[in-house]
Amino acid sequence: MSNTETAGTPALSEQAQALLKSLQEMLNEEKWTRAALNNYSTSQFKELDVILKNAREEKVIDDLKKNCDEHLTHTRNSIIALYLSGMVALSRQIIDDSAIINLVSIFLDNHKWSIVKYLCERILDYGESKFALRTLADCHKNDNEEELVFSVWERLVKVDFEEADIAKALAEHYEKLGKKEITIDYYKKALHRYINKAHFANVRDIWDKLIAINFEDIDFFLHIQKKIAKGISDDKTVILLNELYAKYKDIDIDIAVNILKIVLDYDERDVHGRREIIECFRKKYADHSQLEEYIRISNLSQNYRDVHKAISDFEKHIAFDKGNFVYHRTWGVGRIASIHGDEISIDFAKKRGHSMSLKMAVDALQTLSKNHIWVLKATKKKEELREKVKNDYVWTLKIIIKSFANNCDMKRIKAELSPSLLSAGEWSTWSGKARDILKTNPEFGVSSDNNEVYIVRDRPISVSEKLYNEFNAQRHFFDRVSAIRDYANNKNTDPDSEYFTEMISYFTAFLRGANTEQSVASYLLINELSSNKSYAYLKSAITVDFAEIFAGISSLPALFKNLKDSKLREEFFINIKLFITEWPDIYVKLFPYTLISSITKDIENAGYEDKLTVMCNDCFDHFRENREAVVWLYKNSRDTSWFKNTNINYEKQLITLIHILDITYRDIENHKDTPENRKINKQVYNILFKNGDLTAFIDNADEDTIIRIFTFINDIRDLDPQDKLNLRSRIIDKHPEFKFFGDAEKKVTRGLMVTLVMYEEKQRQLSLIISEEIPANSKEIEYALSLGDLRENAEYKAAKEKQEQLNSQIAKLKEDIERAQIFDPQSVNTARVSFGTKVALRNNTSGQREEFTILGPWESDPNNNIISYLSPFGSAIINKTAGQEFEFVINNEKVSYMVEDITPAKI
């Protein structure tokens, strides 16, 4: 509905009406001919821009677009309508930009380059557009403006993640100019994109280029080869790795060996790779006394032997040489003293000159580098090593991580340092600083499989690559959302790097799938990131609009629950309000799952209070499903006009909360959504009892209401009996004439009040029976059975009787413990005689003063005047106040008492 049609809006001003009338006349008079087209110039479009400006000022921009769109239905090549409709669509970030594209195409087909250039620049005023940039580059090319072509191409490559040819052309351009760093960057972009297209010839061409100009970046090659294998094939990857190996075999033997191992991972039958790795080992271990023997023993040169097992055997054996360190699980760290044939001699700290066969040594010993943390602990003075660890974090982290195959988490690091070198307190401080170093220092990274496992980098990496690796190590969608945010918010990252392109591609892929929480979250995330100036180009990656995504959502509540990112949830609501006409109904539907105050404020400010009233009634009517929403509304909205307009009086509000208290207790007992129910249960308990809402209401309630409320409270089986007793006392205190009837009186005592000491004693008794007496009894029965003839077997009968007795005791103890409610001494109420109080009575009959401590049946000790509140005498004095008189029958004799004093008992 346009703003002229909206009910209640004022009539259009004379200027607005004149503007729309003038526009309609222009559209009707417009003639579309080739001659008319040739007469068009940029000044005419600037005049149309003035019309757009005036329409915005007069607030008739919707009407203007509507009129233009209607005109296009029968005059599809109207220049005026296409331009005005297209520019309005662009200004509103509407995905459908067909009008402006059609307009550009008309002038492009007629070679009106100056107008095409103007139109493209106008499109780009509203954000980057692949179509506009590509067309603008063609304009500059037509005008022989080479530098401007490259400038536009740079922008295009940034927004078109699939464009590879132009990325390559830019690399070649900057290579000619001698700008190595930017050349490498564009070659890398082109390589990634050709891999995505599976164009191996182009991939190989750029791979060779990068080896020639940037072979030192081995981490890049080892990373990208995985992508080539996955996107193209293993055999093509082997071809490229062999080219990389040829470059490195005379430069860095360790890297060369690593490359060959990867080759053999792809093709274990690669004869060339096997032969080359033997030659590399000969070169690397040329000074080793047992080199050729170990090559022979491992069968490394024999093609029938599994190459991976042969390499593993060789590397195990080659580590055994005179002077190298080893570890034995019993004798600790030792050093190889000598090797003679198959005999090896090792000096351990407490077992010097220990001899064993080489085969046994390979199986029983772990070889250690001289810088292994275990070697340093065994060979360095403890205080010296301790000082080094305390003061040199980077050195320590590198030592420990490399000690464990360059794969180490904080748990392993702690095990090596505390308490052997650092106290618990020192570790707490040290570990905090260490975590910061591991996160920020480019010499450290995370494992590609687990972001909690750290590695040491042979070459320091950029912040961009470090955060990219952390992104890849995340296994869950919303963890990756956080990881890409960390990248975008870091000032030291490159917004144009292929690392970021790969990360954002992970999310754009979801936009093409079903409307799950991932696709919705991806849309919202890309929108969020594009608000950052450095990432504004991401707008072009969004190929659908929010309304289209929203229409495909099957279950809004389910999707919202699964949208596990608070910022994206907030953006979700903002987009609903911006793009969905019936947003108030959607807000109301989602409120019970969100409980965000801004939602009710937005609905209220928009004048839809009646919808909020309906929502409140629905939440209270269906409190089981909306228990958390009921609590929220009670706490936050009772003073609003829309809540007051509900049919929910205060008694119903409290009774609903009592019901919620009861069902959360039951769900907790049944282990159903326990954390959530515990939270709701605590909130309701605090409202009713700690905040005093319940007692405040009862103080002024009539008798029927009190009976209803108290009956509901008594029906809550798991509520602390002390709370029930306190409420009962409060009712009697405020309404002295009030009488409790039937179950209401009995249910107060359904629980069993106990002290913590006796509760623990009963548990100890139960444990003793189960762990000691039952097993002993089982042995007695077993022994009695071995005697035979059960009819005359007194031992068997006695043992079985004991078994029945023990089972009865267990059942009784379990039942009592299940009923038990531990008394909190801090909650003792001395206003009346209650559990945990000491009462002084005046025996009016004898004139004596008598003192009694009121506890439970477990603590009862009449000889010491400790009586149970459940005993006849305890029941008679419970809830009495100081100065109150009562009578009690003892041995058929009526005795009169008066309560003199009530104090807390010493428990």
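This structure is a prediction, so every number in the text was calculated from the model and none was measured.

Asks: Got a sec to walk through the sheet that holds strand S12 (residues 866-868)? Specific residues and values, please.
Replies: Within the open sheet, the five strands sit side by side as S12-S11-S10-S14-S13. Their pairing is mixed. Where the open sheet ends on each side, the last strands, each with one partner, are S12 and strand S13 (885-890). Each strand axis lies, on average, 45° off the axis of its neighbour in the sheet, ignoring direction. Examined bridge by bridge, strand S10 (residues 837-843) and strand S11 (residues 849-855) share six bridges and lie antiparallel to one another. Among the inter-strand pairings, Lys838 is bridged to a residue of S11, identified as Thr853.

Asks: Could you give an account of the nonpolar core, with specific residues and numbers?
Replies: Ranked by internal contacts, the top residues of the largest apolar core, which has 211 residues, are Phe45, Tyr83, Phe320 and Phe572. Core analysis: the second largest hydrophobic core is formed by 33 residues, Val754, Leu806, Ala820 and Ile867 among them.

Asks: Talk me through the sheet that holds strand S5 (residues 366-368); I want residue IDs and the actual numbers.
Replies: Here five strands make up an open sheet; going across it, the order is S4-S3-S2-S1-S5 and the pairing antiparallel. The strands lining the two open edges of the sheet, one partner per strand, are strand S4 (351-357) and S5. Going from strand to strand, the sheet's axes swing by 40° on average, the running direction of each strand aside. Judged from the three bridges that link them, strand S1 (residues 325-328) and S5 form a sheet pairing that is antiparallel. Opposite Val326, over in S5, you have Thr367 as the bridge partner.

Asks: Explain the pairing of S4 to me, and be specific about the residues and the numbers.
Replies: Where strand S3 (residues 343-348) and S4 come together, five bridges link them in antiparallel fashion. In the strand pairing of S4, Ile344 is matched with Met356. Taken together, S3 and the strand that follows it, S4, pair antiparallel across an intervening segment of two residues.

Asks: If you had to explain the confidence of the model for the protein chain to someone new, which residues and values would you point to?
Replies: In this model, the protein chain carries a mean pLDDT of 89, and residues with pLDDT of at least 70 account for 96%. With pLDDT under 50 throughout, residues 1-9 is counted as low confidence; its partners more than four residues away or in other chains account for 13 contacts. Counting interchain partners and residues more than four positions distant, the pLDDT-below-50 stretch residues 742-750 has 19 contacts.

Asks: Can you lay out the packing of helix H32 (residues 583-594) against helix H34 (residues 609-621) for me, pointing to particular residues and giving the numbers?
Replies: The interhelical angle for the contact between H32 and H34, taken along N-to-C directions, is 25°, at an axis separation of 10 Å. Considering their axes alone, H32 and H34 lie roughly parallel with respect to each other. Where H32 crosses over H34, the handedness of that crossing is right-handed. Contacts between H32 and H34 involve Pro584, Asp585, Val588, Phe591 and Pro592 from the first element and Lys611, Met615 and Cys619 from the second.

Asks: Pulling in residues and values, what's your account of a nonpolar patch on the surface?
Replies: A cluster of nonpolar side chains, contributed by Ile574, Leu578 and Phe579, occupies part of the molecular surface with about 290 Å² of accessible area. In this structure, Leu578 sits in helix H31 (residues 566-579). Classification of Leu578 as exposed rests on a relative accessible area of 59%.

What counts as what
Residues numbered from 1 in each chain as written. Predicted model: local features only at pLDDT ≥ 70, side-chain atom pairs only at ≥ 80, totals over all residues. Heavy atoms only, no water. Pairing = 2+ DSSP bridges. Helix = DSSP H or I, 4+ residues; strand = E, 2+ residues; numbered from the N terminus. Axes fitted to C-alpha atoms, helices over the stretch in contact; angles between N-to-C directions. Core = buried A, V, L, I, M, F, W, Y, C linked by side-chain atoms within 4.5 Å. Buried < 20%, exposed > 50% of the residue type's maximum accessible area, 1.4 Å probe, protein only. pLDDT = per-residue confidence, 0-100. Contact = heavy atoms within 4.5 Å. Parallel < 35°, antiparallel > 145°, perpendicular 65-115°, else oblique. Left-handed = near helix turned anticlockwise from the far one by under 90°. Patch = residues over 30% accessible without salt bridge, like charges linked within 9 Å, V, L, I, M, F, W, Y side chains within 5 Å. Areas by Shrake-Rupley, 256 points an atom, 1.4 Å probe, with all protein chains shown as cover. Salt bridge = Lys/Arg side-chain N within 4 Å of Asp/Glu carboxyl O.

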